[in-house]
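Coordinates in review
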Amino acid sequence: MLVRPDHIRKDTPDGRHRVLSPTETDVLAPPPPVADVGPADSSFSTRGRLVLITLCCATFMCGLDFSIVTVALPDIGSSLGFSSPGTLQWVATASLLPSASLLPLFARVADLVGRKKLFTFGVALFTLFSLGAALAGSPGVLIATRVGQGTAAAMIAPAAIALMTGYFPEGPQRARALGLNGAVMSLGFVLGALGGGVITSGFSWRWTMVVLCVMGAVALAGALALPVMRESTAAKRMDIPGAVLATLGLFGLVFGISTGGDKGWVRADSLGSVVGGLVLLGAFLLVERRHPEPLIPLSVLGRPTVKWSGLFGVVTFGMCAGTTVLLSLYMQDVLGFTPLQAGLSYLGEGAAAMLGGMYVSKLLGRFGGARVLAAGLLIQGAGTVAMFTLPQSGNIAPLIITSSVMGLGHVFSVVSFITVMTTGVSEEDQGVVGGLSQLPQYVAAIGVAGLSAIAAARTNALAGGSGPDAAATLGGLHAGMVTAGVVALVGAGLAATVLRKRA
């Protein structure tokens, strides 16, 4: 039997000592058990399936949100009377900005108030704002509800990953759960492009919001039925200066990157936002060094598996998201596909993502996260580089094959980088690391903006001052796609080098 003294001495930040009470020493005891969700192998009990379905439903909903709205933008603009394409783009950007900038804040809030509580509240809020978006009668109301959806997504994302790593212990179960979650995330983006085209063509853009509202209601019912999970009761307080600096820094960085591709990188608002964001993030790191309860403990941020996995997460999300945008331009501007035909062409990528999600847990168990991450980036890079074979017309087989290979590698990369990042993290920091693991998908605008700029520059060079024709457009798209593939391949080499012994 473990005997614990009634009083334990603890060093305080100023170098003095104080005596902890018996209540405070409870946090020094072994971590409490989590809810029983299944046996030690990769199979799930009935309760485990409920947990997995609920969390994956919320993940799918957040993944669906961005792409389903992007496809519906032209219909939204004509229906609500947006004044220009620039203002219409805010329908997508208004959700992205709060999702990216508020993630670190809500990741720590999840540890403070409880992950299940924050997850449930976030899903309820997302459902309400989706209903408000469906009923919006003016551009201002729609953009306001999109801000609400993005804020709710920032609550859901870190809490969902922290719940998943809390309910499912390290090993085959967690690997399989994260694999299915990664596949569902990718599938949500792909089916969003398809569903947005079908719904908008057959009904109205408002039904895209209704779909999100219905999915939110299903996820909310599952959240309310989730089993109780005992969490860390260590006393904490919010790091207000760190929260402000992190939020404003990420907001400036993502805003500058998102708008720079359209407005130009040398404009004061775009360049100033990026520089200002980087300065604020630098100040955030300085503040975190001295705060007794930092928003993101530097001991966590400095873990090699956390910082390197985060970098590779940015690579896989940024290059895949940027290439997906280029593929959409290829199908509609070069091949002349309708939005519905373009959406159907993503089904190969979606099927590959689902297949990869089903088998990645076995690969993780056999080879380890670092090797699967390197292999995933290698496969993603190979599939993307091969897109230089995409023709100007005719056979679409290269499109289906290369996009499917890219999708397969992307799922391997996503699941393995999250697995490596969340492995070996203490119970009290699971919320923080869960938020960090979700951040790369929201800063993927770096890849979208960068690859789009490369494609545009190459297209203009090939056009030679005249209006770009299909051949020039295709040449520019090839340049962007090959760049994305090379970046992913370099990431694969780095992952094999720096994570092999550290993971």
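Residues numbered from 1 in each chain as written. Predicted model: local features only at pLDDT ≥ 70, side-chain atom pairs only at ≥ 80, totals over all residues. Heavy atoms only, no water.

Concerning the nonpolar core
Core analysis: the largest hydrophobic core is formed by 130 residues, its most contacted members being I76, F119, L142, L327 and Y330. Of the residues forming this core, the biggest block, 16 residues, is contributed by helix α1 (residues 46–80). Excluding anything up to four places from it in sequence, F119 contacts T54, L55, A58, I156, A159, A160, L163, A223 and L226. (Core = buried A, V, L, I, M, F, W, Y, C linked by side-chain atoms within 4.5 Å. Buried < 20%, exposed > 50% of the residue type's maximum accessible area, 1.4 Å probe, protein only. Helix = DSSP H or I, 4+ residues; strand = E, 2+ residues; numbered from the N terminus. Contact = heavy atoms within 4.5 Å.)

Observations concerning the packing of helix α5 (residues 115–134) against helix α8 (residues 206–224)
For the pair α5 and α8, the least separation of the axes is 8 Å and the interaxial angle reads 155°. As judged from the angle between their axes, α5 and α8 are roughly antiparallel. Once α5 is placed against α8, the crossing between them reads as left-handed. Contacts from K116, F119, T120, V123, A124, F126, T127, S130, L131, A133 and A134 in α5 reach R206, M209, V210, L212, C213, G216, A217, A219, L220, A223 and L224 in α8. (Axes fitted to C-alpha atoms, helices over the stretch in contact; angles between N-to-C directions. Parallel < 35°, antiparallel > 145°, perpendicular 65-115°, else oblique. Left-handed = near helix turned anticlockwise from the far one by under 90°.)

Some points on the confidence of the model for the chain
For the chain, per-residue confidence averages 78 on the pLDDT scale, and 81% of positions sit at 70 or higher. With pLDDT under 50 throughout, residues 1–34 is counted as low confidence; its partners more than four residues away or in other chains account for 37 contacts. (pLDDT = per-residue confidence, 0-100.)

Regarding a nonpolar patch on the surface
On the surface, V198, L340, L344 and L347 cluster together to form a nonpolar patch covering roughly 310 Å² of accessible area. Mapped onto the elements of the fold, L340 is located in helix α13 (residues 339–345). Overall, L340 belongs to the partly exposed group, its relative accessible area being 35%. (Patch = residues over 30% accessible without salt bridge, like charges linked within 9 Å, V, L, I, M, F, W, Y side chains within 5 Å. Areas by Shrake-Rupley, 256 points an atom, 1.4 Å probe, with all protein chains shown as cover. Salt bridge = Lys/Arg side-chain N within 4 Å of Asp/Glu carboxyl O.)

Quick word on empty space enclosed by the protein
Empty space among the atoms becomes visible once a probe the size of a water molecule is rolled across them. Overall, the coordinates contain two cavities of 30 Å³ or more when judged by the stated rule. Put simply, the largest cavity is a space of about 50 Å³. Along the walls of the largest cavity sit L103, P104, A107, I296, V432, G435, L436 and L439, which together make up its complete lining. Looking at the lining of the largest cavity, the elements that each hand over two or more residues are α4 (103–113) and α17 (430–442). Top contributing element to the lining of the largest cavity by residue count: α17, with four residues. Residues belonging to the lining of the largest cavity are distributed by class as follows: seven nonpolar, one polar and no charged. (1 Å grid on protein atoms, 1.4 Å probe; cavity = no way out; pocket = protein on both sides within 12 Å on 5 of 7 lines; lining within 4 Å. Points joined across faces, edges and corners; volume = space filled by probe spheres on them. Nonpolar A, V, L, I, M, F, W, Y, C, P; charged D, E, K, R; others polar.)

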